[in-house]
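Reading the structure
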Amino acid sequence: MMLKKPVVFICMLATVAYAVPAQEKRIHHHADLSDHAHNDAGGFQYDHEAFLGKEEAKTFDQLTPEESKEKLAKIVNGIDTNKDGYVSHTELHHWIKHRQRRYIEENVNKNWKDYDQNQDGKIGWEEYKNTTYGYYLGEEFSDVEDKATYQAMLARDNRRFKYADQDRDGIATREEFTAFLHPEEFDYMKDVVVQETMEDIDKDGDGKINLDEYIGDMYTPENDESEPDWVQTEKKQFSEFRDTNKDGYLDAGEVAHWILPGEVDHADNEAKHLIHETDTDKDEKITKKEILANWNMFVGSQATNYGEDLTKRHDEL
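By the naming in an unreviewed UniProt entry, the protein is Reticulocalbin 3, EF-hand calcium binding domain, taken from Tetraodon nigroviridis. UniProt's Subcellular location (unreviewed entry) comment on the protein is quoted here verbatim: "Endoplasmic reticulum". For the protein, the Sequence similarities (unreviewed entry) comment in UniProt is given as "Belongs to the CREC family."

Here it is as structure tokens:
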């Protein structure tokens, strides 16, 4: 039986050194809300992509203004989860975060049917293990070359599954399975993200990362090639910024600070911005009427897209 590629194997492949400077591949940044600059004076493209998601925003650009407003009205009904007739900051913030996580949800949906073998809407550890690794008696992998590697990956997957399984029942709900596949997106999974990163880089197994291990994770010299300038820059990053206690090593806390930097919540800022711009009675929440009165800030259409193209051409001239 052929083994399905386990989650940790995918992660391990992602750690292969790239021919690019810096350790950006290790840092878990949240995706930008939009590819456009946030400048309402030049158009609302940023707001459209933040509110709808990048792909959905493109579909609205093909609609008539009437069609866009009609679809927006239906979206507003869904955002108002407590059905009080208002969209609060909390509801709008949740909606924007949800739209920005669509790529994650699509990935989970793609994997869900493969793993939910009994189709009960949940995924047990045994379901995941058997689908990924096959039915190997005693988990010894006797029929597999390099069985030690697969045993290590199985143990790592098992540990991550247990972290994601918040109620410790051995079964993952869709939300827990999402945390399993994308632990960097969940606060309660940060410890396992740090632990896995430490294990990837800490080659001598002493529980900390020295300079050689740090550099070796991204650069291995071949033949007699000269060391690129960016390697010296990374060595300086290690000693001056990453190693905060100056003991010559990165411990788990320093690794967490490096790969999981605290970031501005752009979804929160965008929710505040949209409410500020459209809340005519200044009660800090917005009605469907207020949203539809400012519909072109939330969604695009053929008309707004055409107008923005004209403005762009005028600026270029």
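From this point, things continue past the structure.
Residues annotated by UniProt as "domain: EF-hand" (unreviewed entry) correspond here to residues 67–102, 103–138, 152–187 and 189–224. For the annotated span residues 67–102, helix accounts for 72% and strand for 6% of the residues, and the straight-line distance between the end C-alpha atoms is 23 Å. Strand forms 6% of residues 152–187 and helix 58%; the C-alpha atoms that close the span are 25 Å apart.

What follows covers the packing of aromatic side chains. For the coordinates displayed, the defined rule picks out 14 aromatic pairs. Taken together, a centroid distance of 6.0 Å and an interplanar angle of 50° make the contact between F51 and W95 tilted. A residue pair is termed long-range when its members are at least 10 positions apart, and F51 in helix α2 (residues 45–52) and W95 in helix α5 (residues 89–100) qualify at 44 residues. When sorted by exposure, F51 lands in the same class as W95, which is buried.

Overall, the coordinates contain 13 salt bridges when judged by the stated rule. Two residues, E56 and K71, come together in a salt bridge whose shortest N-O distance is 3.7 Å. Here E56 is found in helix α3 (residues 54–60), whereas its partner K71 is found in helix α4 (residues 65–79), with 15 residues between them in sequence. R156 is the partner of D200 in a salt bridge, and the nearest nitrogen-oxygen pair spans 2.9 Å. In this pair, D200 sits in helix α10 (residues 190–201) while R156 sits in helix α8 (residues 147–164), placing the two residues 44 residues apart along the sequence. Accessibility classification places D200 together with R156 in one group, the buried group.

Our focus in this paragraph is helix α12 (residues 229–242). Each turn of an α-helix holds 3.6 residues, which means side chains three or four residues apart point in the same direction. Compared with an ideal rise of 1.5 Å per residue, which puts 14 residues at 20 Å, α12 spans 19 Å between its outermost C-alpha atoms and is within 8% of the ideal. Of the positions making up α12, those classed as buried are W230, V231, E234, F238 and R242.

Turning our eyes to something else, we now look at the environment of M189. Within the secondary structure, M189 is located in the loop between α9 (174–181) and α10. A relative accessible area of 0% places M189 in the buried class. Apart from the residues lying within four places of it in its own chain, the contact partners of M189 are R160, Y163, A164, A179, F180 and P183.

By the secondary structure assignment, S34 is in the loop between α1 (7–13) and α2. Looking at S34, its side chain comes within polar contact range of the main-chain nitrogen of H36, at 2.9 Å. A distance of 2.8 Å separates polar atoms of two side chains, one belonging to S34 and the other to E49. Here S34 is in contact with Q45, Y46, E49 and K54, once residues within four sequence places are set aside.

What follows covers the nonpolar core. Where a protein is soluble and globular, its nonpolar side chains tend to be buried together. The biggest cluster of nonpolar side chains holds 27 residues, and the ones touching the most others in it are F51, L72, L92, I96, F298 and V299. Put simply, the parts of the chain that give this core at least two residues each are α2, α3, α4, α5, α14 (266–278) and α16 (295–298). Once residues within four sequence positions are removed from consideration, L92 is found in contact with F51, I79, V87, A271, L274, I275 and I286. Of all hydrophobic cores here, the second largest spans 23 residues; its members include W125, Y128, A164 and M189.

The phi dihedral of K246 falls on the positive side, at around 60°, and the residue is not glycine. In this fold, K246 is placed in the loop between α12 and β5 (249–250). With phi around 55°, K282 is a residue other than glycine that occupies positive phi space. One can find K282 in the loop between α14 and β6 (286–287). Of the residues examined, K282 reaches a relative accessible area of 55% and is grouped as exposed.

How each quantity is defined
- Residues numbered from 1 in each chain as written.
- Predicted model: local features only at pLDDT ≥ 70, side-chain atom pairs only at ≥ 80, totals over all residues.
- Heavy atoms only, no water.
- UniProt positions renumbered as here; feature names shortened; annotations may be inferred.
- Helix = DSSP H or I, 4+ residues; strand = E, 2+ residues; numbered from the N terminus.
- Phe/Tyr/Trp six-rings, centres within 6.5 Å; stacked < 30°, edge-to-face > 60°.
- Buried < 20%, exposed > 50% of the residue type's maximum accessible area, 1.4 Å probe, protein only.
- Salt bridge = Lys/Arg side-chain N within 4 Å of Asp/Glu carboxyl O.
- Expected span 1.5 Å × (residues − 1).
- Contact = heavy atoms within 4.5 Å.
- Polar contact = N/O pair within 3.5 Å; in protein donor to acceptor, adjacent residues only side chain to side chain.
- Core = buried A, V, L, I, M, F, W, Y, C linked by side-chain atoms within 4.5 Å.

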